[in-house]
Amino acid sequence: MHRKLIIIFLLAINLLLAQNDMSLEIISNNSNSKFLNKENYLSDFSINFFISEELLGGNIFLKPSVTSSSVLFEEFSFNKDIKKTELVVGKFHIDQHYDHELSSGGLINSKYAKPYFKILLKRKFDIHPRISFTYKHSDGIFEKNSTYSEAPFVHQKSLYLDTKVKSSTISIGLVHVVTWAGTIEKYGKLPRSFDDYHNIFTGQKGASDSPISEQGNSLGDAWGIWDFYYNINKGDNRYGLYYQHIFADRSGLEFKNGFDGLWGVFIEKNNNNVYKILFEYLDTRDQSGNFHPPGGDSYYWNGMYSHGWKYDNRIIGNPFIDVFDNRVVLKHIGLSINIKKTKLVLSNSNFDIYKSYNNRNFTQTIKENGGFFYDVGEDNVIDSSSESSISIQRIIKNKYSLNFSISEERNVVGSYFSIKYSF
């Protein structure tokens, strides 16, 4: 640990003397609020360095962190534009195509978990002054854990169509995610050839050397979202509506799982973002019914890749969905008000958890008619909770930014404090 501290210190001094972009953040946090922690995955105390440096015609970003027990390099990246294509390599978060600071978290990517190592390519195609396509393609790798004796790969790609009509923006996107390869004790070393990559890229079935369950379904844990977004500017305000439709297989891709997903509406004051109001509704109960195939989707979980859509034991997507508690209803509201250099942010989230089809504590799996029937008995709420938070953020002399927050979750009061200084 001492060696890592010395490296961080020397690196910081070197970059500071070179007059590059650098900032320092100190965080003290004992809040259990998912909203407050959606961009903070470290322990109760951390010192974070943010360092940006031009290198080889691109930009390198480093975020070393010191916690109460260790020194971490959980975020770093190299970014370079090659002609009209953006290349990013490292451990970084993939941004949503459209995101909102008051959101409970996107269904594919949020910043609730540490980023895994990946290579990303991004390109925007302008086919008309008002029409464009944006394609993102990334391939990465998780880490070994109690489930994976050899880390699986992660493939993610998206294609968005953006159209501007007068004062409106309309966006339609499709995001595809696959966890594949790796080694799992029960299944052994899983397929990872170039042909297998072609199969996971195109959503095809596994070859004859793949596990039997993979030969009848798409190879790997394949899932994704349809992403719809609309906003319009009227006078001093901007109004927006979005819907992320989650799917775990072809039936969900074809909307046979009802309207499972995340709905959101927001209103913003255009002039200096004086205020923002957002309401979200998340519902993942349908899952194409309780008979498989095609139902029992169990979002964020897969029978083979049973660790689920998690990295270092934290959900990569929306933190209100868990691997074994994936049938949920969430009502979330956020409000922010800017007064000069002070911002007030309030949030409230109420959520109910229903019996999940993959949770053996509540569900009995019965073989029936060539498939599986998930018997949950009376389909009622097994847990309800709420959380609220109040944050005050202040910028001082364009150098310091302070954030003090108080939260309440399951009758437990927590606090979050950070101070950030830009050199």
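Residues numbered from 1 in each chain as written. Predicted model: local features only at pLDDT ≥ 70, side-chain atom pairs only at ≥ 80, totals over all residues. Heavy atoms only, no water.

### Considering the side chain of Thr169
Part 1 of the reasoning: By secondary structure assignment, the location of Thr169 is in strand β10 (residues 168-180).
Part 2 of the reasoning: Apart from the residues lying within four places of it in its own chain, the contact partners of Thr169 are Tyr98, Thr163, Lys164, Tyr229, Tyr230 and Asn231. (Helix = DSSP H or I, 4+ residues; strand = E, 2+ residues; numbered from the N terminus. Contact = heavy atoms within 4.5 Å.)

### A few points about the pairing of strand β26 (residues 412-422)
Part 1 of the reasoning: As defined by bridge partners, strand β1 (residues 21-29) adjoins β26 across 7 bridges and the pair is classed as antiparallel. Each bridged residue has a counterpart across the sheet, and for Leu24 the counterpart in β26 is Tyr421.
Part 2 of the reasoning: Relative to β26, strand β25 (residues 400-409) is paired through 10 bridges, and the arrangement is antiparallel. Looking across to β26, one finds that Leu402 is bridged to Ile419. (Pairing = 2+ DSSP bridges.)

### Examining the pattern of salt bridges
Part 1 of the reasoning: Following the criterion strictly, the structure yields 15 salt bridges and no others.
Part 2 of the reasoning: A salt bridge links Glu75 to Lys63, with the nearest nitrogen and oxygen atoms 3.3 Å apart. Pair noted here: Glu75 is in strand β4 (residues 71-82) and Lys63 is in strand β3 (residues 58-67), with a separation of 12 residues, a long-range link.
Part 3 of the reasoning: Owing to a relative accessible area of 12%, Glu75 belongs among the buried residues under this scheme.
Part 4 of the reasoning: With relative accessibility at 11%, the residue Lys63 sits in the buried group.
Part 5 of the reasoning: When the shortest N-O distance is used, the salt bridge between Asp236 and Lys269 registers 3.8 Å. (Salt bridge = Lys/Arg side-chain N within 4 Å of Asp/Glu carboxyl O. Buried < 20%, exposed > 50% of the residue type's maximum accessible area, 1.4 Å probe, protein only.)

### What to know about the sheet that holds strand β22 (residues 364-368)
Part 1 of the reasoning: Ordered by their spatial adjacency, 3 strands build an open sheet running β17-β23-β22, and the pairing between neighbours is antiparallel. Taken across any chain shown, the strands that pair with only one partner, and hence form the sheet edges, are β17 (291-292) and β22.
Part 2 of the reasoning: By the bridge criterion, 5 bridges tie β22 to strand β23 (residues 371-375) in an arrangement that is antiparallel. Looking at the pairing, Thr365 lines up with Tyr374 of β23.

### Quick look at helix α2 (residues 194-202)
Part 1 of the reasoning: Every buried residue of α2 is accounted for by Asp196, Asn199 and Ile200. The arc that holds the buried residues of α2, viewed along the axis, is 95 degrees, so those residues lie on one side. Of the exposed residues in α2, the ones pointing more than 90 degrees away from its buried face are Phe194 and Asp195.
Part 2 of the reasoning: The inward-facing, buried residues of α2 contact β9 (153-165) and β10.
Part 3 of the reasoning: With its phi angle positive at about 75 degrees, Gly203 sits one or two positions after the end of α2. (Arc of directions from axis to C-beta.)

### A few points about the confidence of the model for the protein
Part 1 of the reasoning: Here the protein averages 91 in pLDDT, and 95% of its residues register 70 or above.
Part 2 of the reasoning: By mean pLDDT, the top-scoring element of the protein is strand β7 (residues 131-141) (98), and the lowest-scoring one is helix α1 (residues 2-17) (54). (pLDDT = per-residue confidence, 0-100.)

### Description of the packing of aromatic side chains
Part 1 of the reasoning: On inspection of all chains with the given rule, the structure shows 25 aromatic pairs.
Part 2 of the reasoning: Judged by centre distance (5.3 Å) and plane angle (65 degrees), the ring pair of Phe153 and Trp180 falls under edge-to-face. With Phe153 in strand β9 and Trp180 in strand β10, this residue pair connects regions lying 27 residues apart in the sequence.
Part 3 of the reasoning: Measuring from ring centre to ring centre gives 6.4 Å for Trp226 and Phe228, while their planes differ by 20 degrees; the resulting arrangement is stacked.
Part 4 of the reasoning: Grouped by ring-pair contacts, the aromatic residues Tyr116, Phe142, Trp223, Tyr300, Trp309 and Tyr311 constitute a single cluster.
Part 5 of the reasoning: When the ring centre of Tyr354 is taken as reference, the NZ or CZ atom of Arg285 above it lies at 5.1 Å. (Phe/Tyr/Trp six-rings, centres within 6.5 Å; stacked < 30°, edge-to-face > 60°. Lys NZ or Arg CZ within 6 Å of the ring centre and 35° of its normal.)

### Points about the environment of Gly296
Part 1 of the reasoning: Along the polypeptide, Gly296 turns up in the loop between β17 and β18 (310-311).
Part 2 of the reasoning: Residues Gly296 and Lys276, 20 residues apart in the sequence, show an inter-C-alpha distance of 37 Å.
Part 3 of the reasoning: In contact with Gly296, not counting residues within four places along its chain, are Gln287, Gly289, Tyr357 and Tyr374.

### Some details on the environment of Thr163
Part 1 of the reasoning: Inspection of the secondary structure assignment puts Thr163 in strand β9.
Part 2 of the reasoning: Along the sequence, Thr163 and Pro129 sit 34 residues apart, while their C-alpha atoms lie 9.2 Å from each other.
Part 3 of the reasoning: The contacts of Thr163, once residues within four sequence positions are left out, are Arg130, Ile131, Ser168, Thr169 and Ile170.

### So, a nonpolar patch on the surface
Part 1 of the reasoning: Taken together, the side chains of Val165, Ile170, Ile172, Tyr230, Leu241, Phe259, Trp263, Val265, Phe279 and Ile333 present a nonpolar region at the surface, about 850 Å² in accessible area.
Part 2 of the reasoning: Elements with a contribution of two residues or more to the nonpolar patch: β10 and β15 (261-269).
Part 3 of the reasoning: Its location among the elements puts Ile170 in strand β10. (Patch = residues over 30% accessible without salt bridge, like charges linked within 9 Å, V, L, I, M, F, W, Y side chains within 5 Å. Areas by Shrake-Rupley, 256 points an atom, 1.4 Å probe, with all protein chains shown as cover.)

### Looking at the nonpolar core
Part 1 of the reasoning: In terms of nonpolar packing, the biggest core is built from 42 residues, with Leu107, Tyr116, Tyr300 and Trp309 touching the most fellow members.
Part 2 of the reasoning: Going through the elements one at a time, β9, β10, β13 (221-234), β14 (237-247), β15, β16 (275-283), β20 (327-339) and β21 (342-354) are the ones with two or more residues in this core.
Part 3 of the reasoning: In contact with Tyr300, not counting residues within four places along its chain, are Gly106, Leu107, Trp223, Ile246, Gly308, Trp309, Ile315, Gly317, Asn318, Ile321 and Val323.
Part 4 of the reasoning: If you look at the next biggest cluster of nonpolar residues, it comprises 11 residues, including Trp180, Ala181, Ile200 and Leu219. (Core = buried A, V, L, I, M, F, W, Y, C linked by side-chain atoms within 4.5 Å.)

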